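Here is how the chains run, residue by residue.
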Amino acid sequence: MLRALRNHHGEPSVRRPLFSPVNLAKAIGALTVAILAGVLLSGGTFAYMNSTVALPSATIKAGSAALTTTGTPLVLTGLYPGQTQSAAFTINNTGIVPLVLNVSGVAAPAADANSLSAALTIRVDVTTAAAGCSILPGTAGWQGTFAATLPTANAPVSLNSTLAAGATATLCLSASLPPSAPSTVQGGTTKSFSVTIGGVQS
Amino acid sequence: MNKLVKGAVATAAGVALLMGGAGTFAYWNASTGITGGTIVAGQLTVADATPSNGVWTVQTNGTGTGVVVALSSYKASPGDVLTYTKSVKITATGDNLTAKLSLAPGSIAGSTLSTPDVSLASYLGKTATINIVSPPTTIVAGAGADAGKYLVTPGTTGIINQNVTVAVVITFPKNVNPGTTNGTLENSTMTGSVNLSALAVNLDQS
(Lines give C-alpha, C1' and ligand atoms only; values in the text may rest on other atoms or scores of the structure.)
Protein backbone atom coordinates (compact mmCIF):
# COMPACT_ATOMS: atom_id res chain seq x y z
CA MET A 1 0.00 0.00 0.00
CA LEU A 2 1.42 3.32 -0.97
CA ARG A 3 0.90 6.45 0.96
CA ALA A 4 1.62 9.99 -0.19
CA LEU A 5 3.68 12.04 2.24
CA ARG A 6 5.48 15.34 2.10
CA ASN A 7 9.21 15.65 2.42
CA HIS A 8 11.02 18.60 3.99
CA HIS A 9 10.65 20.46 0.70
CA GLY A 10 6.94 19.94 0.88
CA GLU A 11 7.00 17.64 -2.11
CA PRO A 12 5.09 14.37 -2.22
CA SER A 13 7.18 11.29 -1.54
CA VAL A 14 6.53 7.58 -1.73
CA ARG A 15 7.30 5.15 1.11
CA ARG A 16 7.35 1.41 0.48
CA PRO A 17 6.25 -0.94 3.23
CA LEU A 18 9.17 -2.11 5.40
CA PHE A 19 8.21 -5.81 5.37
CA SER A 20 7.41 -6.31 1.74
CA PRO A 21 7.95 -9.91 0.48
CA VAL A 22 10.93 -8.77 -1.60
CA ASN A 23 12.67 -7.18 1.38
CA LEU A 24 12.01 -10.22 3.54
CA ALA A 25 13.42 -12.59 0.94
CA LYS A 26 16.53 -10.45 0.57
CA ALA A 27 17.00 -10.28 4.31
CA ILE A 28 16.62 -14.02 4.77
CA GLY A 29 19.07 -14.61 1.94
CA ALA A 30 21.62 -12.23 3.43
CA LEU A 31 21.28 -13.83 6.87
CA THR A 32 21.71 -17.32 5.46
CA VAL A 33 24.86 -16.30 3.61
CA ALA A 34 26.22 -14.66 6.75
CA ILE A 35 25.60 -17.73 8.91
CA LEU A 36 27.13 -20.06 6.36
CA ALA A 37 30.15 -17.83 5.99
CA GLY A 38 30.56 -17.71 9.75
CA VAL A 39 30.46 -21.48 10.02
CA LEU A 40 32.76 -22.10 7.10
CA LEU A 41 35.29 -19.46 8.03
CA SER A 42 35.51 -20.37 11.67
CA GLY A 43 38.66 -22.42 10.93
CA GLY A 44 39.85 -25.74 12.35
CA THR A 45 38.93 -29.21 11.27
CA PHE A 46 35.62 -30.96 11.47
CA ALA A 47 37.20 -34.41 11.62
CA TYR A 48 36.88 -36.56 14.64
CA MET A 49 39.80 -36.98 16.98
CA ASN A 50 42.93 -37.83 15.08
CA SER A 51 46.68 -37.86 15.47
CA THR A 52 49.65 -38.37 13.18
CA VAL A 53 53.24 -39.27 13.78
CA ALA A 54 55.73 -38.52 11.04
CA LEU A 55 58.43 -41.05 10.36
CA PRO A 56 61.96 -40.02 9.35
CA SER A 57 62.39 -39.18 5.71
CA ALA A 58 64.14 -41.64 3.45
CA THR A 59 64.84 -42.25 -0.20
CA ILE A 60 64.55 -45.57 -1.97
CA LYS A 61 66.60 -45.95 -5.14
CA ALA A 62 66.19 -48.67 -7.71
CA GLY A 63 69.15 -50.32 -9.37
CA SER A 64 69.28 -51.50 -12.94
CA ALA A 65 69.74 -54.58 -15.09
CA ALA A 66 71.93 -54.40 -18.15
CA LEU A 67 73.94 -56.66 -20.44
CA THR A 68 76.81 -55.80 -22.70
CA THR A 69 78.58 -57.93 -25.28
CA THR A 70 81.94 -57.52 -26.88
CA GLY A 71 83.50 -59.60 -29.63
CA THR A 72 84.18 -59.93 -33.31
CA PRO A 73 81.28 -60.72 -35.61
CA LEU A 74 80.99 -64.24 -36.95
CA VAL A 75 82.43 -64.49 -40.44
CA LEU A 76 81.70 -67.69 -42.29
CA THR A 77 84.32 -68.62 -44.82
CA GLY A 78 84.32 -71.79 -46.87
CA LEU A 79 81.53 -73.37 -44.90
CA TYR A 80 80.67 -76.82 -46.19
CA PRO A 81 78.06 -79.45 -45.29
CA GLY A 82 78.69 -80.97 -41.89
CA GLN A 83 80.86 -78.09 -40.70
CA THR A 84 80.19 -75.66 -37.84
CA GLN A 85 81.90 -72.31 -37.43
CA SER A 86 81.67 -70.24 -34.25
CA ALA A 87 82.52 -66.81 -32.94
CA ALA A 88 83.08 -66.05 -29.28
CA PHE A 89 81.65 -63.03 -27.53
CA THR A 90 82.07 -61.87 -23.96
CA ILE A 91 78.82 -61.09 -22.24
CA ASN A 92 78.83 -59.00 -19.09
CA ASN A 93 76.06 -58.43 -16.58
CA THR A 94 76.55 -54.81 -15.57
CA GLY A 95 73.39 -54.59 -13.47
CA ILE A 96 72.74 -55.37 -9.81
CA VAL A 97 70.59 -58.48 -10.23
CA PRO A 98 71.36 -61.95 -11.60
CA LEU A 99 69.92 -62.52 -15.05
CA VAL A 100 68.76 -65.69 -16.76
CA LEU A 101 69.98 -65.31 -20.32
CA ASN A 102 67.77 -65.89 -23.29
CA VAL A 103 67.59 -65.44 -27.03
CA SER A 104 65.01 -62.74 -27.52
CA GLY A 105 65.36 -62.09 -31.21
CA VAL A 106 66.97 -63.28 -34.40
CA ALA A 107 67.10 -60.98 -37.40
CA ALA A 108 67.19 -62.67 -40.77
CA PRO A 109 70.09 -61.92 -43.10
CA ALA A 110 70.00 -58.65 -44.96
CA ALA A 111 71.41 -60.31 -48.07
CA ASP A 112 71.21 -63.89 -49.13
CA ALA A 113 72.49 -65.56 -52.27
CA ASN A 114 71.59 -69.09 -53.37
CA SER A 115 69.25 -69.33 -50.37
CA LEU A 116 72.15 -70.21 -48.15
CA SER A 117 70.44 -68.90 -45.03
CA ALA A 118 67.57 -71.33 -45.45
CA ALA A 119 70.00 -74.20 -45.11
CA LEU A 120 71.90 -72.80 -42.12
CA THR A 121 71.44 -73.83 -38.53
CA ILE A 122 72.14 -71.09 -36.02
CA ARG A 123 73.15 -71.93 -32.49
CA VAL A 124 73.81 -69.93 -29.32
CA ASP A 125 75.60 -71.30 -26.26
CA VAL A 126 76.86 -69.87 -23.01
CA THR A 127 80.02 -71.45 -21.74
CA THR A 128 82.50 -70.91 -18.99
CA ALA A 129 84.80 -73.65 -20.23
CA ALA A 130 88.42 -72.80 -20.86
CA ALA A 131 88.09 -74.16 -24.35
CA GLY A 132 85.72 -71.35 -25.15
CA CYS A 133 83.75 -71.91 -28.33
CA SER A 134 86.13 -74.40 -29.87
CA ILE A 135 84.21 -77.22 -28.20
CA LEU A 136 80.50 -76.60 -27.95
CA PRO A 137 78.38 -78.16 -25.21
CA GLY A 138 76.61 -81.40 -26.04
CA THR A 139 73.25 -79.74 -25.68
CA ALA A 140 72.75 -76.46 -27.45
CA GLY A 141 71.59 -73.45 -25.48
CA TRP A 142 69.36 -72.62 -28.41
CA GLN A 143 69.45 -73.55 -32.02
CA GLY A 144 67.17 -73.03 -34.95
CA THR A 145 66.92 -72.12 -38.57
CA PHE A 146 65.83 -68.98 -40.32
CA ALA A 147 63.07 -71.00 -41.91
CA ALA A 148 61.57 -71.96 -38.54
CA THR A 149 59.82 -69.86 -35.95
CA LEU A 150 62.43 -67.70 -34.31
CA PRO A 151 62.53 -66.31 -30.79
CA THR A 152 61.11 -62.87 -30.35
CA ALA A 153 61.08 -60.30 -27.59
CA ASN A 154 57.63 -61.50 -26.57
CA ALA A 155 58.59 -65.15 -26.88
CA PRO A 156 62.20 -65.43 -25.77
CA VAL A 157 63.87 -68.81 -25.52
CA SER A 158 65.85 -69.36 -22.34
CA LEU A 159 69.50 -70.36 -22.54
CA ASN A 160 69.14 -71.90 -19.07
CA SER A 161 72.15 -70.00 -17.90
CA THR A 162 72.19 -67.47 -15.06
CA LEU A 163 74.73 -64.69 -15.13
CA ALA A 164 75.37 -63.16 -11.72
CA ALA A 165 75.50 -59.42 -11.25
CA GLY A 166 78.89 -58.16 -12.35
CA ALA A 167 79.86 -61.52 -13.84
CA THR A 168 81.00 -62.31 -17.37
CA ALA A 169 80.67 -65.40 -19.53
CA THR A 170 81.54 -66.52 -23.01
CA LEU A 171 78.78 -66.54 -25.54
CA CYS A 172 79.20 -68.71 -28.63
CA LEU A 173 77.38 -67.87 -31.83
CA SER A 174 77.65 -70.70 -34.31
CA ALA A 175 76.42 -71.48 -37.77
CA SER A 176 76.50 -74.87 -39.42
CA LEU A 177 75.58 -76.34 -42.72
CA PRO A 178 73.99 -79.73 -42.23
CA PRO A 179 75.22 -82.70 -44.25
CA SER A 180 71.89 -82.79 -46.03
CA ALA A 181 72.28 -79.24 -47.34
CA PRO A 182 71.28 -79.03 -51.02
CA SER A 183 73.99 -78.48 -53.55
CA THR A 184 72.20 -75.36 -54.75
CA VAL A 185 73.57 -73.40 -51.81
CA GLN A 186 77.13 -73.79 -53.10
CA GLY A 187 78.78 -70.43 -53.58
CA GLY A 188 76.02 -68.76 -51.58
CA THR A 189 76.54 -65.87 -49.21
CA THR A 190 74.64 -64.73 -46.18
CA LYS A 191 75.24 -61.32 -44.66
CA SER A 192 74.29 -59.39 -41.58
CA PHE A 193 72.09 -61.59 -39.50
CA SER A 194 71.95 -60.85 -35.81
CA VAL A 195 70.93 -62.47 -32.58
CA THR A 196 69.61 -60.54 -29.58
CA ILE A 197 70.50 -61.82 -26.14
CA GLY A 198 68.19 -60.87 -23.30
CA GLY A 199 68.21 -61.41 -19.59
CA VAL A 200 65.39 -61.79 -17.10
CA GLN A 201 65.92 -61.30 -13.39
CA SER A 202 66.12 -64.66 -11.71
CA MET B 1 18.74 3.48 4.12
CA ASN B 2 18.30 1.10 1.26
CA LYS B 3 15.95 -1.81 1.18
CA LEU B 4 18.56 -4.49 1.81
CA VAL B 5 19.90 -2.79 4.91
CA LYS B 6 16.43 -2.24 6.23
CA GLY B 7 15.55 -5.85 5.63
CA ALA B 8 18.70 -7.11 7.33
CA VAL B 9 18.17 -4.85 10.35
CA ALA B 10 14.63 -6.02 10.69
CA THR B 11 15.56 -9.67 10.43
CA ALA B 12 18.42 -9.30 12.88
CA ALA B 13 16.07 -7.67 15.32
CA GLY B 14 13.69 -10.57 14.92
CA VAL B 15 16.43 -13.11 15.48
CA ALA B 16 17.65 -11.19 18.53
CA LEU B 17 14.19 -11.25 19.97
CA LEU B 18 13.92 -14.97 19.38
CA MET B 19 17.35 -15.67 20.89
CA GLY B 20 17.11 -13.28 23.78
CA GLY B 21 13.60 -14.07 24.69
CA ALA B 22 14.38 -17.25 26.55
CA GLY B 23 12.38 -18.15 29.60
CA THR B 24 8.77 -17.78 30.27
CA PHE B 25 6.62 -14.71 30.14
CA ALA B 26 4.07 -16.08 32.51
CA TYR B 27 3.59 -14.04 35.61
CA TRP B 28 4.24 -16.89 38.01
CA ASN B 29 7.52 -18.66 37.44
CA ALA B 30 10.04 -20.79 39.25
CA SER B 31 13.36 -22.49 38.61
CA THR B 32 15.63 -25.01 40.28
CA GLY B 33 19.27 -25.84 39.80
CA ILE B 34 20.51 -29.24 38.72
CA THR B 35 23.88 -30.39 40.01
CA GLY B 36 26.01 -31.03 36.96
CA GLY B 37 28.52 -33.83 36.70
CA THR B 38 32.02 -33.72 35.29
CA ILE B 39 32.49 -34.63 31.68
CA VAL B 40 35.94 -35.83 30.73
CA ALA B 41 36.82 -36.15 27.06
CA GLY B 42 38.90 -39.02 25.81
CA GLN B 43 42.22 -38.77 24.05
CA LEU B 44 43.67 -40.11 20.84
CA THR B 45 47.35 -39.66 20.10
CA VAL B 46 50.12 -41.48 18.32
CA ALA B 47 53.65 -40.26 18.87
CA ASP B 48 57.24 -41.23 18.34
CA ALA B 49 58.14 -43.60 21.15
CA THR B 50 61.88 -43.63 20.86
CA PRO B 51 63.32 -41.29 18.25
CA SER B 52 66.12 -42.69 16.09
CA ASN B 53 65.32 -46.33 16.85
CA GLY B 54 63.91 -46.96 13.37
CA VAL B 55 65.68 -49.47 11.17
CA TRP B 56 65.39 -50.53 7.52
CA THR B 57 65.70 -54.18 6.56
CA VAL B 58 65.46 -55.90 3.18
CA GLN B 59 64.30 -59.39 2.34
CA THR B 60 65.37 -60.64 -1.07
CA ASN B 61 62.30 -61.86 -2.92
CA GLY B 62 60.38 -61.42 0.32
CA THR B 63 61.85 -64.49 1.97
CA GLY B 64 64.34 -65.16 4.71
CA THR B 65 65.48 -62.92 7.50
CA GLY B 66 65.59 -59.25 6.73
CA VAL B 67 69.07 -57.82 6.38
CA VAL B 68 69.68 -54.41 7.90
CA VAL B 69 70.69 -51.94 5.21
CA ALA B 70 71.70 -48.32 4.96
CA LEU B 71 68.92 -47.16 2.73
CA SER B 72 70.87 -44.15 1.50
CA SER B 73 73.30 -46.39 -0.38
CA TYR B 74 71.04 -49.36 -1.13
CA LYS B 75 69.84 -50.02 -4.67
CA ALA B 76 66.56 -51.88 -4.77
CA SER B 77 65.45 -54.37 -7.38
CA PRO B 78 62.17 -56.15 -8.14
CA GLY B 79 61.38 -58.75 -5.49
CA ASP B 80 62.88 -56.77 -2.65
CA VAL B 81 60.71 -56.28 0.41
CA LEU B 82 61.83 -53.23 2.33
CA THR B 83 60.63 -52.86 5.89
CA TYR B 84 60.97 -49.89 8.18
CA THR B 85 60.46 -50.87 11.80
CA LYS B 86 59.79 -48.23 14.41
CA SER B 87 58.24 -47.93 17.86
CA VAL B 88 55.36 -45.55 18.35
CA LYS B 89 53.39 -44.69 21.46
CA ILE B 90 49.62 -44.84 21.34
CA THR B 91 47.17 -43.32 23.75
CA ALA B 92 43.49 -43.91 23.15
CA THR B 93 40.90 -43.30 25.83
CA GLY B 94 37.17 -43.05 25.48
CA ASP B 95 34.65 -45.64 26.58
CA ASN B 96 33.05 -45.74 23.15
CA LEU B 97 36.04 -44.61 21.15
CA THR B 98 37.17 -46.62 18.16
CA ALA B 99 39.94 -45.58 15.83
CA LYS B 100 41.87 -46.79 12.85
CA LEU B 101 45.63 -46.78 12.53
CA SER B 102 46.86 -46.53 8.97
CA LEU B 103 49.70 -45.46 6.73
CA ALA B 104 49.27 -41.89 5.55
CA PRO B 105 48.16 -41.92 1.91
CA GLY B 106 50.59 -40.43 -0.56
CA SER B 107 53.57 -41.19 1.62
CA ILE B 108 55.60 -42.44 -1.33
CA ALA B 109 56.30 -39.97 -4.09
CA GLY B 110 58.78 -39.82 -6.93
CA SER B 111 61.87 -37.79 -6.14
CA THR B 112 61.39 -36.00 -9.46
CA LEU B 113 58.86 -36.10 -12.27
CA SER B 114 61.13 -38.26 -14.41
CA THR B 115 59.64 -41.47 -15.79
CA PRO B 116 61.73 -43.86 -13.64
CA ASP B 117 60.91 -41.95 -10.45
CA VAL B 118 57.20 -41.73 -11.17
CA SER B 119 57.09 -45.36 -12.26
CA LEU B 120 58.92 -46.58 -9.16
CA ALA B 121 56.63 -44.55 -6.91
CA SER B 122 53.63 -46.10 -8.61
CA TYR B 123 54.98 -49.60 -8.15
CA LEU B 124 55.97 -49.12 -4.53
CA GLY B 125 52.94 -47.08 -3.55
CA LYS B 126 50.55 -49.81 -4.57
CA THR B 127 52.10 -52.24 -2.17
CA ALA B 128 52.99 -50.14 0.88
CA THR B 129 51.33 -51.55 3.96
CA ILE B 130 51.56 -51.14 7.68
CA ASN B 131 51.91 -53.95 10.18
CA ILE B 132 52.00 -53.96 13.93
CA VAL B 133 54.35 -56.50 15.43
CA SER B 134 52.64 -58.48 18.20
CA PRO B 135 49.77 -56.02 18.71
CA PRO B 136 47.88 -55.96 22.02
CA THR B 137 44.34 -57.33 22.10
CA THR B 138 42.93 -53.82 21.86
CA ILE B 139 44.55 -53.30 18.46
CA VAL B 140 43.58 -55.78 15.78
CA ALA B 141 44.15 -55.99 12.04
CA GLY B 142 41.25 -54.79 9.94
CA ALA B 143 39.57 -56.85 7.25
CA GLY B 144 37.46 -56.18 4.19
CA ALA B 145 37.15 -52.44 3.67
CA ASP B 146 39.56 -51.92 6.56
CA ALA B 147 42.22 -54.24 5.19
CA GLY B 148 45.63 -52.72 5.66
CA LYS B 149 44.49 -50.80 8.73
CA TYR B 150 44.39 -51.60 12.41
CA LEU B 151 41.28 -51.12 14.50
CA VAL B 152 41.90 -49.59 17.90
CA THR B 153 39.30 -50.24 20.59
CA PRO B 154 40.44 -48.96 23.99
CA GLY B 155 37.19 -49.81 25.81
CA THR B 156 36.71 -48.59 29.37
CA THR B 157 40.22 -49.55 30.35
CA GLY B 158 41.81 -47.35 27.74
CA ILE B 159 45.17 -47.53 26.05
CA ILE B 160 47.68 -45.37 27.86
CA ASN B 161 51.12 -44.74 26.36
CA GLN B 162 51.13 -48.19 24.81
CA ASN B 163 54.37 -48.82 22.90
CA VAL B 164 53.79 -50.76 19.72
CA THR B 165 56.23 -51.68 17.00
CA VAL B 166 55.06 -50.50 13.62
CA ALA B 167 56.47 -52.00 10.45
CA VAL B 168 55.98 -50.14 7.20
CA VAL B 169 56.39 -52.75 4.49
CA ILE B 170 57.18 -51.67 0.96
CA THR B 171 57.30 -54.39 -1.65
CA PHE B 172 59.02 -53.94 -4.98
CA PRO B 173 56.82 -56.14 -7.19
CA LYS B 174 58.43 -58.74 -9.38
CA ASN B 175 56.93 -60.40 -12.42
CA VAL B 176 53.75 -58.38 -12.21
CA ASN B 177 53.09 -59.28 -15.82
CA PRO B 178 54.93 -62.53 -16.48
CA GLY B 179 55.28 -63.36 -20.11
CA THR B 180 55.66 -59.81 -21.28
CA THR B 181 58.75 -58.61 -23.02
CA ASN B 182 61.53 -59.43 -20.61
CA GLY B 183 59.75 -57.54 -17.86
CA THR B 184 59.46 -54.34 -19.87
CA LEU B 185 56.97 -52.83 -17.44
CA GLU B 186 59.26 -53.25 -14.49
CA ASN B 187 62.17 -52.00 -16.56
CA SER B 188 60.61 -48.57 -16.40
CA THR B 189 61.55 -48.42 -12.73
CA MET B 190 65.29 -48.85 -13.34
CA THR B 191 67.38 -46.14 -11.63
CA GLY B 192 64.19 -44.67 -10.22
CA SER B 193 64.15 -42.87 -6.90
CA VAL B 194 61.28 -42.23 -4.51
CA ASN B 195 61.05 -39.91 -1.59
CA LEU B 196 59.56 -41.07 1.68
CA SER B 197 59.71 -37.67 3.35
CA ALA B 198 55.97 -37.65 3.97
CA LEU B 199 55.91 -41.09 5.54
CA ALA B 200 53.52 -40.98 8.49
CA VAL B 201 51.26 -43.08 10.61
CA ASN B 202 47.73 -41.82 11.08
CA LEU B 203 45.38 -42.60 13.95
CA ASP B 204 41.85 -41.47 13.16
CA GLN B 205 38.68 -41.87 15.14
CA SER B 206 36.22 -44.03 13.25
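In the block above lies the structure referred to throughout.
Residues numbered from 1 in each chain as written. Chains lettered and ligands numbered in written order. Predicted model: local features only at pLDDT ≥ 70, side-chain atom pairs only at ≥ 80, totals over all residues. Heavy atoms only, no water.

Draft legend 1. Up close: the overall build of chain B. Helix and strand content of chain B: 3 helices and 13 strands. Classification of the 206 residues of chain B by burial places 34% in the buried group. For chain B, contacts bridging at least 24 residues in sequence account for 77% of all contacts bridging at least 6. Total accessible area on chain B stands at roughly 11,400 Å², and carbon and sulfur atoms take up 58% of it. (Helix = DSSP H or I, 4+ residues; strand = E, 2+ residues; numbered from the N terminus. Buried < 20%, exposed > 50% of the residue type's maximum accessible area, 1.4 Å probe, protein only. Contact = heavy atoms within 4.5 Å. Areas by Shrake-Rupley, 256 points an atom, 1.4 Å probe, with all protein chains shown as cover.)

Draft legend 2. Spatial organisation of the nonpolar core. Ranked by size, the top nonpolar core spans 41 residues in total, and within it Ile60 of chain A together with Trp56, Ile90, Leu101 and Leu196 of chain B carry the most contacts. In contact with leucine 101 of chain B, other than residues within four places in its own chain, are Ile90, Ile130, Ile132, Lys149, Tyr150, Val152, Val201, Asn202 and Leu203 of chain B. (Core = buried A, V, L, I, M, F, W, Y, C linked by side-chain atoms within 4.5 Å.)

Draft legend 3. Molecular detail of unusual backbone geometry. Residue and element names in this part refer to chain B. The backbone of asparagine 61 shows a phi angle near 55°, a positive value even though the residue is not glycine. Turning to its location among the elements, asparagine 61 is positioned in the loop between strand S2 (55–59) and strand S3 (67–68). Taking relative accessible area as the criterion, asparagine 61 reaches 40% and is therefore assigned partly exposed. Not every positive phi belongs to a glycine, and threonine 191 is a case in point at roughly 65°. Relative to the helices and strands, threonine 191 resides in the loop between helix H3 (184–187) and strand S12 (193–195).

Draft legend 4. How the structure looks around the interface of chain B and chain A. Taken together, the 54 residues of chain B in the interface contact 35 residues of chain A. In this assembly, chain B packs against chain A so that about 3,700 Å² is buried in total across both faces, 61% of it on carbon and sulfur atoms. Across the chain B-chain A interface, the total number found is 0 salt bridges. Where chain B touches chain A, the interface holds 16 residue pairs in polar contact (both at pLDDT 80 or more). The leading source of residues in the side of chain B that touches chain A is helix H1 (residues 3–20) of chain B, at 8 residues. Across the side of chain B that touches chain A, the residue classes tally to 28 nonpolar, 19 polar and 7 charged. Bridge analysis of strand S4 (residues 59–62) of chain A against S12 of chain B gives 3 bridges, and the strand direction is antiparallel. By the bridge assignment for S12 of chain B, lysine 61 of chain A is matched with serine 193 of chain B. (Buried area = accessible area lost by both parts, 1.4 Å probe. Salt bridge = Lys/Arg side-chain N within 4 Å of Asp/Glu carboxyl O. Polar contact = N/O pair within 3.5 Å; in protein donor to acceptor, adjacent residues only side chain to side chain. Nonpolar A, V, L, I, M, F, W, Y, C, P; charged D, E, K, R; others polar. Pairing = 2+ DSSP bridges.)

Draft legend 5. Molecular detail of the pattern of salt bridges. All names here are of chain B. Across all of its chains, the model carries 3 salt bridges over all chains by this definition. Between aspartate 48 and lysine 86 there is a salt bridge, with its nearest N and O atoms 2.3 Å apart. With a gap of 38 residues between them, aspartate 48 in strand S1 (residues 43–48) and lysine 86 in strand S5 (residues 81–93) connect regions that are remote in the sequence. When its relative accessible area of 28% is taken as the criterion, aspartate 48 is described as partly exposed. The class of lysine 86 is buried, set by a relative accessible area of 2%.

Draft legend 6. Broad picture of the sheet that holds strand S5 (residues 67–71) of chain A. Residue and element names in this part refer to chain A. Pairing in this open sheet of 5 strands is antiparallel, and the strands run S5-S6-S12-S9-S10 from one edge to the other. For this open sheet the edge positions go to S5 and strand S10 (142–145), each flanked by a neighbour on one side alone. Averaged over all pairs of adjacent strands, the angle between strand axes in this sheet comes to 25°, irrespective of strand direction. (Axes fitted to C-alpha atoms, helices over the stretch in contact; angles between N-to-C directions.)

Draft legend 7. Examining the packing of aromatic side chains more closely. Per the counting criterion, the structure on display carries 2 aromatic pairs over all chains. Between the aromatic rings of phenylalanine 146 of chain A and phenylalanine 193 of chain A, the centroid separation amounts to 5.4 Å while the plane-to-plane angle is 75°, which identifies the pairing as edge-to-face. Of this pair, phenylalanine 146 of chain A sits in the loop between S10 and strand S11 (157–163) while phenylalanine 193 of chain A sits in the loop between strand S13 (190–191) and strand S14 (194–201); the two residues are 47 residues apart in sequence, bridging distant segments of the chain. Overall, phenylalanine 193 of chain A belongs to the buried group, its relative accessible area being 16%. Measuring from ring centre to ring centre gives 5.1 Å for tryptophan 56 of chain B and tyrosine 84 of chain B, while their planes differ by 45°; the resulting arrangement is tilted. Here tryptophan 56 of chain B is found in strand S2, whereas its partner tyrosine 84 of chain B is found in strand S5, with 28 residues between them in sequence. Each member of the pair tryptophan 56 of chain B and tyrosine 84 of chain B is classed as buried. (Phe/Tyr/Trp six-rings, centres within 6.5 Å; stacked < 30°, edge-to-face > 60°.)

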